[in-house]
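# Residue-level structure breakdown
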Amino acid sequence: MTVASIALVVILFALLFSATPIAVALGLTSFIYFFYFTLIPLTQVPERLFNSLNTFPLMAIPFFVLAASIMSRGGISRRLIAACNAVVGQFRGGLAMTGVLSCMFFAAISGSSPATVVAVGTLIIPAMVASGYGKQFSTGLIATSGSLGILIPPSIPLIVYGIATEESIGDLFIAGLLPGLVAGLMLLGLVLVVSRRRGYGTGAHAITLTGAEKLRAVRDAVLSLALPALVLGGIYGGIFTPTEAAAMAVFYAVVVSVFVYRELDLRALGGILLTSARTSAMIMFIIANGILFSFVLTSERIPGEITELLLSYELNRWTFLLLVNILLLVAGCFMETSSAILILAPILLPIALELGVDPIHLGIVIVMNLEIGMVTPPLGLNLFVASGMSGMSVLQVARAAIPTALVLLAALFLVTYVPAISLAFLGGG
Amino acid sequence: MPATDGGDPPVVPVAGTGAAMQRFDRVLTRVENVLAASTLGLATIIAVGAVLLRYLFGIFLFWSEEAIIYLVIYSTFLGAVITLRHGEHVNVDIFGAFLRKRGRRVVGTIAAAVTVVYLAVVGVFAWLLLFEPFSTSTTTPSLKLPLWVVEAAVPIGFTLMLLRALEILVRTARGIEAFPEAGRSLLEVEADVAGVEAGDIERTRRTPGDPPAPRPDDPGGGDR
Amino acid sequence: GARGAGAGGGAADGQTFSIKFSHVVTPATPKGQAAEKFKQVVEERSGGRITVEIYPNSELYGDKDELQALQSNSVQVLAPASAKFTTIAPALQVLDLPFLFDSVEDIPEVVSPDSAAGKAIYESEALAANNIKVMGLWDNGLKQLSSNTEMRTPESLAGLSFRIQPSDVLRSQFESWGASATPLAFAEVYNALQQGVVDGQENPYSNIESQNMHTVQSHITASNHGYIGYVLVINNQFFESLPPDLRTVVQESADEASAYNREVAATLNEQARTTIEQAGTTTILELTPEERQAFKDRVVPSVWQQYADVIGPDLVDALLAEQNAR
Ligand code: NA
Ligand code: NA
């Protein structure tokens with residue numbers, strides 16, 4: 001480790017812990033590196049920021065944000081929840097199961113986790129509490145289920161991983177599907193157990209619908225459910241690149257919300273564009289600075305040094321994956337998803353390749369870890385959102401989310417040590 | 001707050017700023033909003049158009065990819081200004097929850113000052129970047145635009161962000177609520193994107209059988 | 001020492017230098033191997049006074065930004081595809097001219113630093129003005145035509161659409177053959193061929209094989225009709241800052257690496273051709289000299305003269321004279 005490397009780490013953490021915005025901490029640390037430790041002209045700092053974003057696959061991010069926003073405004077959350085309720089509502093704990101299932105479907109439209117928590121949680125949490133599920137359980141469950149938003153495709157973190165490692169974003173999306181389903185099913189399992197033990201969703205709280213009502217609810221949601229099929233099918237069939245698929249998702253969302261559901265006025269699109277521009281700028285500005293910082297690490301050859309160091313410990317792929325999980329669970333507590341990927345993926349990937357770990361599988365493992373990070377304090381976006389929604393403090397929500405987070409952890413270990421779950425559709429395993 | 005409106009905060013005057021300042025602020029806000037939204041909108045139209053033309057008519061827009069990238073880059077650096085204005089850039093607020101008002105003010109001031117330093121120094125070099133020989137002599141491959149025209153997104157964005165960051169620094173240091181849209185949390189941003197109305201969230205908060213919900217402006221939640 | 005890229009610290013005599021060499025492909029490719037060769041020779045001959053650090057795989061800079069990085073001396077050496085220079089030095093499109101070479105053996109002679117074409121590249125004023133010095137030309141190889149129909153005559157290309165690198169010269173070449181041309185990114189070629197978005201494409205065997213294009217193309221015509229190459233460049237200011245003896249070391253090492261690259265590329269293209277033949281998916285058609293001449297007559301001199309203004313009228317005249325003398 002050189003002086004520069006140590007200085008980099010110290011400065012970055014000092015800035016991060018002084019509550020400086022993450023993008024600023026990454027960018028300023030990089031600037032200081034250029035200034036003190038290299039002869040590179042300092043105009044290269046803004047030049048790097050510009051070129052960090054100068055790549056077509058990244059353009060999928062604003063488009064996916066926009067598509068999800070339009071679909072949400074077009075009344076998709078309500079329809080999804082109604083349809084899920086029609087399918088699982090009659091079971092014990094049906095409303096909670098509806099919540100988990102709705103999060104899974106909404107995750108297939110949105111690339112972000114907090115958005116999933118808000119869209120589903122706003123409707124389902126009050127309903128759950130009114131039906132006697134308890135606020136702790138309801139909030140914790142939805143905060144955790146919402147984190148499936150970044151695992152089930154489309155996924156902003158998987159796009160970022162694809163860009164950081166030059167792996168196929170389309171393959172990553174396909175690889176995220178089964179792990180997302182597995183994690184979702186395990187959450188449903190937890191709901192079943194808890195509901196049985198605590199007597200949730202019985203008697204007066206049980207929801208009964210007639211067969212015709214159920215059919216109508218499902219039919220009503222079919223157009224919403226066709227969006228993920230369009231996106232994934234288009235990518236899987238080699239018809240669209242992920243960026244093109246994202247653009248088509250916007251087109252589809254406009255057609256469905258404005259012309260079919262008629263819940264969205266074309267004039268409202270201006271406001272939606274503005275909020276989407278803001279949200280995607282928040283993400284993209286972190287990514288630009290994260291790529292700048294990652295450039296600095298590469299320039300200092302830090303990933304190479306760490307690779308050599310770790311490989312000297314005679315890791316095998318299983319101990320390495322265990323190490324990855326520990327490292328990322330810790331990182332997930334403190335770090336924002338995109339920057340964590342941009343910093344850590346270039347370090348972990350060469351080791352993975354050396355040890356015969358599939359790079360796509362590694363991406364899924366990393367994103368699942370960071371998904372758990374969404375509900376761990378101090379930095380957990382889902383916690384912030386759920387806290388704001390429920391009026392509980394961040395720590396209260398975090399405590400409420402412990403059982404569900406443990407289920408995600410179990411799913412993580414399953415996915416880590418059974419690579420076939422990620423690689424099944426890719427002809428690997 | 002109407003969920004369809006992404007922008008225009010009510011202007012809370014900083015002591016010592018005049019009506020002209022406020023007017024300037026309002027105009028600037030509008031310009032930032034319109035530019036960030038319209039560049040994203042135009043990029044989307046081009047992206048959708050390019051895919052449709054390609055698959056329906058076999059027509060390739062060879063310039064579409066470049067145009068989309070540069071429009072989104074502009075949208076990002078202008079959108080980052082709005083994000084800053086609303087205090088929405090994600091940070092790790094470890095100590096915030098444990099600090100009293102005074103301590104939070106100190107931490108907030110340090111963070112704001114660091115942000116100002118970053119935006120100022122990188123902003124200066126971003127302007128200088130436009131005068132580098134390669135910025136003036138290189139043209140972009142498809143659109144044949146001079147490179148400095150597209151690179152200008154960075155200095156423009158950084159300069160506008162710097163103005164906002166200075167305003168935030170002054171407010172924080174003086175102990176005035178830092179953001180014109182007071183209390184706008186990540187939650188509200190996400191709610192905005194998801195099309196969820198503020199009233200719905202209020203209902204979520206006020207579910208029965210719980211300790212009384214804190215007021216929305218109660219910072220105890222630590223959600224920002 | 002602090003701020004230590006480019007020139008390192010030390011006393012005036014024992015001053016050491018470090019070169020960052022960034023490229024966008026894997027170390028196993030001809031370019032990657034030649035870069036390693038360059039590093040090895042430079043470090044050996046300079047007795048350790050120059051160290052070369054190679055950053056492969058776009059890990060430091062990508063296609064879009066490496067030239068800016070070179071001009072600002074953030075990296076010292078690059079080997080970008082020649083097409084990347086056309087916005088700064090349009091004359092380098094000379095390398096895109098169809099039938100500039102007849103076979104791989106012609107390359108060293110036609111573009112040697114003393115030849116007409118070589119002078120336009122090595123002594124380009126446009127590049128010098130941008131602080132770029134050319135040290136060599138590395139091959140990807142000579143291009144072959146592929147599609148799903150037999151292409152024995154230029155007439156058989158009529159109505160077909162071909163994928164090209166973004167280049168006006170290449171567009172004119174295909175249009176002169178009666179075909180149409182669509183610029184697409186290299187990574188998209190396979191999909192475009194598979195889905196029939198385009199009918200055919202042009203590339204050296206190694207590119208066709210590595211991208212599996214032959215699995216979706218039934219015919220290849222061994223036309224050797226064009227060239228794809230990389231230009232080995234160094235930041236001129238950095239080069240001039242070296243003591244004279246080290247400048248010689250760097251240039252000689254570049255020459256050695258270039259020769260090595262040419263060998264590796266030729267071998268690789270032959271191996272790829274064999275692999276394609278063994279795959280059995282594609283018929284490779286050898287043209288008789290007359291048949292090849294028919295393709296050539298459609299584009300030489302017409303396409304050459306069409307771009308005389310861009311490339312330089314004198315250069316085009318000289319090249320045409322060379323062609324006639326051959
Ligand atoms: Na998702
Ligand atoms: Na966390």
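Located above this text is the structure these notes cover.
Quick look at the structure, then.

Each value, and the rule that gives it
- Residues numbered from 1 in each chain as written.
- Chains lettered and ligands numbered in written order.
- Predicted model: local features only at pLDDT ≥ 70, side-chain atom pairs only at ≥ 80, totals over all residues.
- Heavy atoms only, no water.
- Helix = DSSP H or I, 4+ residues; strand = E, 2+ residues; numbered from the N terminus.
- Rg over C-alpha atoms; globule rule 2.2 N^0.38 Å.
- Buried < 20%, exposed > 50% of the residue type's maximum accessible area, 1.4 Å probe, protein only.
- Contact = heavy atoms within 4.5 Å.
- Donors = N, O, S within 2.8 Å, 3.2 Å for Na, K, Ca; no water.
- Tetrahedral: all angles 85-135°; square planar, octahedral: opposite > 155°, others 65-115°.
- Axes fitted to C-alpha atoms, helices over the stretch in contact; angles between N-to-C directions.
- Parallel < 35°, antiparallel > 145°, perpendicular 65-115°, else oblique.
- Left-handed = near helix turned anticlockwise from the far one by under 90°.
- Nonpolar A, V, L, I, M, F, W, Y, C, P; charged D, E, K, R; others polar.
- Pairing = 2+ DSSP bridges.
- Right-handed = clockwise from strand over helix to strand, strands pointing away.
- Buried area = accessible area lost by both parts, 1.4 Å probe.
- Salt bridge = Lys/Arg side-chain N within 4 Å of Asp/Glu carboxyl O.
- Polar contact = N/O pair within 3.5 Å; in protein donor to acceptor, adjacent residues only side chain to side chain.

## A few points about the overall build of chain C
- A count of helical and extended segments in chain C gives 14 helices and 9 strands.
- A compact globule built from 326 residues should have a C-alpha radius of gyration of about 20 Å, and chain C, at 20 Å, falls within 12% of that.
- Counting only C-alpha atoms and orienting by the principal axes, one finds that chain C spans roughly 65 × 40 × 30 Å.
- Here chain C, with 326 residues, has 54% of them falling under the buried criterion.
- When contacts within chain C are restricted to residue pairs at least 6 apart in sequence, long-range pairs at least 24 apart make up 72% of them.

## Looking at the coordination of the sodium ion (ligand 1)
Residue and element names in this part refer to chain A.
- Protein-derived ligands of the sodium ion (ligand 1) are Ala-107 (O), Ser-110 (O), Gly-149 (O), Ile-152 (O) and Pro-154 (O), with the metal-ligand distances lying across 2.2 to 2.3 Å.
- Each donor residue of the sodium ion (ligand 1) belongs to the same chain, and together they define the spacing A-x2-S-x38-G-x2-I-x1-P. Accessibility assignment for this pair places Gly-149 and Ile-152 in one class, buried.

## Considerations on the coordination of the sodium ion (ligand 2)
Residues and elements named next belong to chain A.
- Taken together, Gly-332 (O), Cys-333 (O), Gly-373 (O), Thr-376 (O), Thr-376 (OG1) and Leu-379 (O) make up the full set of protein donors to the sodium ion (ligand 2), lying 2.2 to 3.1 Å away.
- Classification of the site at the sodium ion (ligand 2) rests on its 6 donor atoms, whose angles at the metal span 69 to 168 degrees, yielding the label octahedral.
- Between consecutive donors of the sodium ion (ligand 2), the numbers of intervening residues give the motif G-C-x39-G-x2-T-x2-L. Of this pair, Gly-332 sits in helix H15 (residues 317-334) while Thr-376 sits in the loop between helix H17 (359-373) and helix H18 (381-390), and the two are 44 residues apart along the sequence.
- Residue classification places Gly-332 among the buried positions, given a relative accessible area of 3%.

## Observations regarding the packing of helix H3 (residues 101-129) of chain B against helix H6 (residues 153-174) of chain B
All names here are of chain B.
- Interaxial distance between H3 and H6 falls to 8 Å at its minimum, and their mutual angle equals 160 degrees. Overall, the two elements H3 and H6 adopt an arrangement that is roughly antiparallel. Judged by the twist between their axes, the crossing of H3 over H6 is left-handed.
- Grouping the amino acids of the contact of H3 with H6 by side-chain chemistry returns 20 nonpolar, 6 polar and 2 charged.

## Remarks on the pairing of strand E6 (residues 180-183) of chain C
Residues and elements named next belong to chain C.
- Looking at chain direction, strand E5 (residues 161-164) and E6 are connected through 4 bridges and run parallel. Note on E6: the bridge partner recorded for Ile-164 is Pro-183.
- Taken together, E5, helix H6 (residues 168-176) and E6 constitute a β-α-β crossover, and its handedness is right-handed.

## A short note on the interface of chain B and chain A
- Contact residues are listed per partner, giving 80 residues for chain B and 78 residues for chain A.
- Buried surface at the junction of chain B and chain A, both sides included, amounts to about 7,200 Å², of which 76% is carbon and sulfur.
- Of all residues in chain B, Val90(B), Val92(B) and Tyr118(B) bury the most surface against chain A, accounting for 10% of the area lost on that side.
- At the boundary of chain B and chain A, one finds 1 salt bridge.

## Focus on the interface of chain B and chain C
- Between chain B and chain C, the contact holds 11 residues from the first and 13 residues from the second.
- Both sides of the chain B and chain C interface together cover about 1,000 Å² of buried area, and 58% of this is carbon and sulfur.
- Taken together, chain B and chain C are joined by 0 salt bridges.
- In this structure, the connection of chain B to chain C is made through 1 residue pair in polar contact (both at pLDDT 80 or more).
- Broken down by secondary-structure element, the contributors of at least two residues to the side of chain B that touches chain C are helix H1 (19-57), helix H2 (64-85) and helix H4 (133-137) of chain B.
- Taken together, the residues of the side of chain B that touches chain C break down into 6 nonpolar, 3 polar and 2 charged.

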